[in-house]
Amino acid sequence: MPRIDDLFDQLHGTSMYSKINLSVHGNVNGVFHNYLDKFVVVFIDDILVYTCSTDEHAQNLRLILDDLGILLTTTTVLALPSGLGGYVVYTDESLQGLGCVLTYSGHVIFYASRQLKNHKENYKVHDLELAAIVSALKI
């Protein structure tokens, strides 16, 4: 677990941040090992991506999302639902896109993400949250 003084030192001078809440099992520190202390901080189930410029941030965020896709599809085999467990749908949204993860009894069944169309970038946060839920339910 990172110390707060170390976190402040790492984030000094940065101005772009993205937080990803990761509620899946797996060795997140191992997956993002190459990026730790460069532009990523992992704290329990949260991933913080930090940079100084918009272009660099977009590039680093793509790397993280690609590796996250690998984590979701290779760490545990996507499970088929069976038994009495319950479904849980996690959604996330940003000004860049929408995403969802369907779990069953704590196992990932399906995940998807899509980029926002230009006109949707002007939506309010509440509208983006609803769009993420609608997008998840359509799949």
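On a predicted model such as this, the values are computed, not experimentally measured, just so you know.

Engineer: How should the sheet that holds strand 6 (residues 107–115) be read in this particular structure?
Structural biologist: Hydrogen bonds between backbone atoms are what pair the strands of a sheet, whose relative direction is either parallel or antiparallel. The antiparallel open sheet is built from 3 strands, whose spatial order is 4-5-6. Two strands lie at the open edges of the sheet, namely strand 4 (87–93) and strand 6, each paired on one side alone. Taking each pair of neighbouring strands and ignoring which way they run, the sheet shows an average axis angle of 10°. Across 8 bridges, strand 5 (residues 97–104) lies against strand 6 in antiparallel orientation. Bridge pairing in strand 6 places Leu-102 opposite Phe-110. Its contacts with the sheet place helix 4 (residues 125–138) against strand 4, strand 5 and strand 6, and it is angled at close to 135° to strand 4.

Engineer: Teacher, can you tell me more about the packing of aromatic side chains here?
Structural biologist: To describe a pair of aromatic rings, one takes the distance between the centres and the angle between the planes. The tally for this structure, following the rule as stated, stands at 1 aromatic pair. For the pair Tyr-35 and Phe-39, a centre-to-centre distance of 5.0 Å together with 35° between the ring planes defines the contact as tilted. With respect to class, Tyr-35 is no different from Phe-39; both count as buried.

Engineer: Just to check I follow, could you spell out the side chain of Asp-67 for this structure?
Structural biologist: Take Asp-67: it is sitting in helix 3 (residues 54–74). Within the buried core, Asp-67 has no salt-bridge partner, and the shortest N-O distance to an opposite charge, that of Lys-38, equals 11 Å. There is a polar contact of 3.1 Å between the side chain of Asp-67 and the side chain of Tyr-35. Other than its neighbours up to four places away in sequence, Asp-67 contacts Val-31, Phe-32 and Tyr-35.

Engineer: Hey, could you run me through the nonpolar core in this one?
Structural biologist: Across soluble globular proteins, nonpolar side chains show a tendency to be buried alongside one another. If you look at the biggest cluster of nonpolar residues, it comprises 11 residues: Ile-20, Phe-32, Tyr-35, Phe-39, Val-40, Val-42, Ile-47, Val-49, Leu-61, Ile-64 and Leu-68. Sorting the residues of this core by element identifies strand 2 (40–43), strand 3 (46–51) and helix 3 as the ones contributing at least two each. Counting residues in hydrophobic clusters, the runner-up holds 5 residues, among them Leu-98, Leu-128, Ala-131 and Ala-132.

Engineer: How should I be thinking about a nonpolar patch on the surface in this particular structure?
Structural biologist: Where nonpolar side chains cluster on the molecular surface, the patch consists of Leu-130, Ile-133 and Leu-137 and spans about 290 Å² of accessible area. For Ile-133, the location among the structural elements is in helix 4. A relative accessible area of 38% means that Ile-133 is categorised as partly exposed.

Engineer: What is the right way to read unusual backbone geometry from this model?
Structural biologist: Note: most residues except glycine have negative phi, and most peptide bonds are trans. For Asp-37, which is not glycine, the phi torsion reads 65° and is therefore positive. Counting through the fold element by element, Asp-37 comes out in the loop between helix 2 (28–31) and strand 2. Given a relative accessible area of 58%, Asp-37 falls into the exposed group.

Engineer: How should I be thinking about the environment of Ala-136 in this particular structure?
Structural biologist: Residue placement: Ala-136 occurs in helix 4. Residue class for Ala-136 comes out buried when judged on its relative accessible area of 14%. Residue contacts for Ala-136: discarding those within four places in its chain leaves Val-89, Thr-91 and Cys-100.

Conventions and cut-offs
Residues numbered from 1 in each chain as written. Predicted model: local features only at pLDDT ≥ 70, side-chain atom pairs only at ≥ 80, totals over all residues. Heavy atoms only, no water. Pairing = 2+ DSSP bridges. Helix = DSSP H or I, 4+ residues; strand = E, 2+ residues; numbered from the N terminus. Axes fitted to C-alpha atoms, helices over the stretch in contact; angles between N-to-C directions. Contact = heavy atoms within 4.5 Å. Phe/Tyr/Trp six-rings, centres within 6.5 Å; stacked < 30°, edge-to-face > 60°. Buried < 20%, exposed > 50% of the residue type's maximum accessible area, 1.4 Å probe, protein only. Lys, Arg positive; Asp, Glu negative; His and termini not counted. Salt bridge = Lys/Arg side-chain N within 4 Å of Asp/Glu carboxyl O. Polar contact = N/O pair within 3.5 Å; in protein donor to acceptor, adjacent residues only side chain to side chain. Core = buried A, V, L, I, M, F, W, Y, C linked by side-chain atoms within 4.5 Å. Patch = residues over 30% accessible without salt bridge, like charges linked within 9 Å, V, L, I, M, F, W, Y side chains within 5 Å. Areas by Shrake-Rupley, 256 points an atom, 1.4 Å probe, with all protein chains shown as cover.

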